[in-house]
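Notes for the structure review
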Amino acid sequence: LSECLFFFAFPRFPMLSRAMTVASVRLAGRRSLTAVKELTGLPGYAVEPNWRMKLIDEYEDTLREVQAIPAGWPYRAAVESVTRQQLAVVSASTDHDVVEQQIGLGQVEQLLKMAKDERELIKAFLEWKPWAIDEALLDRMDQSFRTTVGGHVRARAYERVDAMADEQALLDQLKEEAELEKVPVAAAAKKE
């Protein structure tokens, strides 16, 4: 870009344009060789100059915090797998474009926010402890739902399902009820 600007700015002075280009190359040699992003193009996401170190720290913290969730729990396995894969990509490259392309979930600033959100979710899981729910409690909750205002609609269906051992008989009964419901609708439509 600087070559183009100087060429158009000084078309009659190619030596000056060349000298300025050489100077800009020398300055670029002193700077970091990694690409620097000027804007994210996303509202609310400022450019994070230390994105790589922050992402590595977030991913390592995530892997450390998820250890508190029991090993057999599927959420832990999923978080560990995804986080290790993303940590490997970030550790292998210093170029944000390469990381963004390989992970494929947005810009590095968005990845940083997702990593922070994942840590918040882990904290919530540790508070909720869904792996420690007692089956008897679930049964009581199910019975409670059946007797609430929202559950009374389904109470009849629950009773029929509980009473019927044969799945085919249940399907036949539901088909019969569906046919019976169509008759009044069709009769009402003929009256109009």
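Our subject is the structure listed above.
Summary of the structure given here. Because the structure is a prediction, the values reported are computed rather than measured. (Residues numbered from 1 in each chain as written. Predicted model: local features only at pLDDT ≥ 70, side-chain atom pairs only at ≥ 80, totals over all residues. Heavy atoms only, no water.)

**Remarks on the overall build of the protein chain**
- Helix and strand counts for the protein chain come out as nine helices and zero strands.
- Secondary structure elements of the protein chain, listed N to C terminal, follow the sequence α-α-α-α-α-α-α-α-α.
- A total of 192 residues make up the protein chain; the buried ones form 22% of that total.
- For the protein chain, the proportion of contacts with a sequence separation of at least 24, taken over those separated by at least 6, is 55%.
- Looking at the protein chain as shown, the accessible area adds up to about 14200 Å², and 60% of this sits on carbon and sulfur atoms. (Helix = DSSP H or I, 4+ residues; strand = E, 2+ residues; numbered from the N terminus. Buried < 20%, exposed > 50% of the residue type's maximum accessible area, 1.4 Å probe, protein only. Contact = heavy atoms within 4.5 Å. Areas by Shrake-Rupley, 256 points an atom, 1.4 Å probe, with all protein chains shown as cover.)

**Quick word on the nonpolar core**
- Membership of the largest hydrophobic core comes to 14 residues, with the highest contact counts inside it found for Leu-55, Tyr-59, Val-90, Val-99, Ile-103 and Leu-111.
- At the level of secondary structure, the elements contributing two or more residues to this core comprise helix H3 (51-65), helix H4 (74-92), helix H5 (96-103) and helix H6 (108-128).
- Looking at this core element by element, the count peaks at five residues for H3.
- Among residues more than four places away in sequence, those in contact with Tyr-59 are Thr-83, Gln-86, Leu-87, Val-90, Ile-103, Leu-111 and Ala-115. (Core = buried A, V, L, I, M, F, W, Y, C linked by side-chain atoms within 4.5 Å.)

**What about the side chain of Ser-93?**
- Residue placement: Ser-93 occurs in the loop between H4 and H5.
- At 3.1 Å, the side chain of Ser-93 forms a polar contact with the backbone nitrogen of Asp-95.
- Leaving out residues up to four positions away in the same chain, Ser-93 has contacts with Trp-51, Arg-52, Val-98 and Val-99. (Polar contact = N/O pair within 3.5 Å; in protein donor to acceptor, adjacent residues only side chain to side chain.)

**Examining the packing of H3 against H4**
- Contact pair H3 / H4: the axes reach a minimum separation of 10 Å and the direction vectors enclose 155 degrees. One way to sum up the angle between H3 and H4 is to call them roughly antiparallel. In terms of crossing hand, the pair formed by H3 and H4 is left-handed. Seen from H3, the contacting residues are Trp-51, Arg-52, Leu-55, Ile-56, Tyr-59, Glu-60, Thr-62 and Leu-63; seen from H4, they are Val-79, Glu-80, Thr-83, Arg-84, Gln-86, Leu-87, Val-90, Ser-91 and Ala-92. (Axes fitted to C-alpha atoms, helices over the stretch in contact; angles between N-to-C directions. Parallel < 35°, antiparallel > 145°, perpendicular 65-115°, else oblique. Left-handed = near helix turned anticlockwise from the far one by under 90°.)

**Some words on the pattern of salt bridges**
- All told, the structure shown has eight salt bridges when counted by the stated rule.
- Measuring nitrogen to oxygen at the nearest pair gives 3.7 Å for the salt bridge that ties Arg-119 to Asp-61. Taken together, the residues Arg-119 in helix H6 and Asp-61 in helix H3 connect sequence positions 58 residues apart.
- Classification of Arg-119 as buried rests on a relative accessible area of 16%.
- Of the residues examined, Asp-61 reaches a relative accessible area of 21% and is grouped as partly exposed.
- Ionic pairing is found between Glu-120 and Lys-123, a salt bridge with its closest N-O pair at 3.6 Å. Of this pair, Glu-120 and Lys-123 both sit in helix H6, three residues apart, which is roughly one turn of that helix.
- A network of salt bridges, in which partner residues are shared, links Glu-58, Asp-61, Arg-64, Glu-65 and Arg-119. (Salt bridge = Lys/Arg side-chain N within 4 Å of Asp/Glu carboxyl O.)

**A closer look at H4**
- A rise of 1.5 Å per residue sets the reference length of H4, with its 19 residues, at 27 Å; its end C-alpha atoms lie 27 Å apart and thus fit the reference within 8%.
- Listed as buried for H4 are Tyr-75, Arg-76, Val-79, Glu-80, Thr-83, Gln-86, Leu-87, Val-89 and Val-90.
- Where H4 is buried, its residues meet H3, H5 and H6. (Expected span 1.5 Å × (residues − 1).)

**Some words on the packing of aromatic side chains**
- On inspection of all chains with the given rule, the structure shows three aromatic pairs.
- Between the aromatic rings of Phe-125 and Trp-128, the centroid separation amounts to 5.9 Å while the plane-to-plane angle is 50 degrees, which identifies the pairing as tilted. Here Phe-125 pairs with Trp-128, and both are found in helix H6, just three residues apart, close to one helical turn.
- The exposure class assigned to Phe-125 is buried, which follows from its relative accessible area of 15%.
- Since its relative accessible area comes to 56%, Trp-128 is described here as exposed. (Phe/Tyr/Trp six-rings, centres within 6.5 Å; stacked < 30°, edge-to-face > 60°.)

**Focus: the environment of Asp-97**
- If you trace the backbone, Asp-97 turns up in helix H5.
- Looking at Asp-97, the relative accessible area reads 42%, which means it is partly exposed.
- Through-space distance from the C-alpha of Asp-97 to that of Gln-107 is 8.1 Å; in sequence the pair is ten residues apart.
- A distance of 3.2 Å separates a polar atom in the side chain of Asp-97 from a polar atom in the side chain of His-96.

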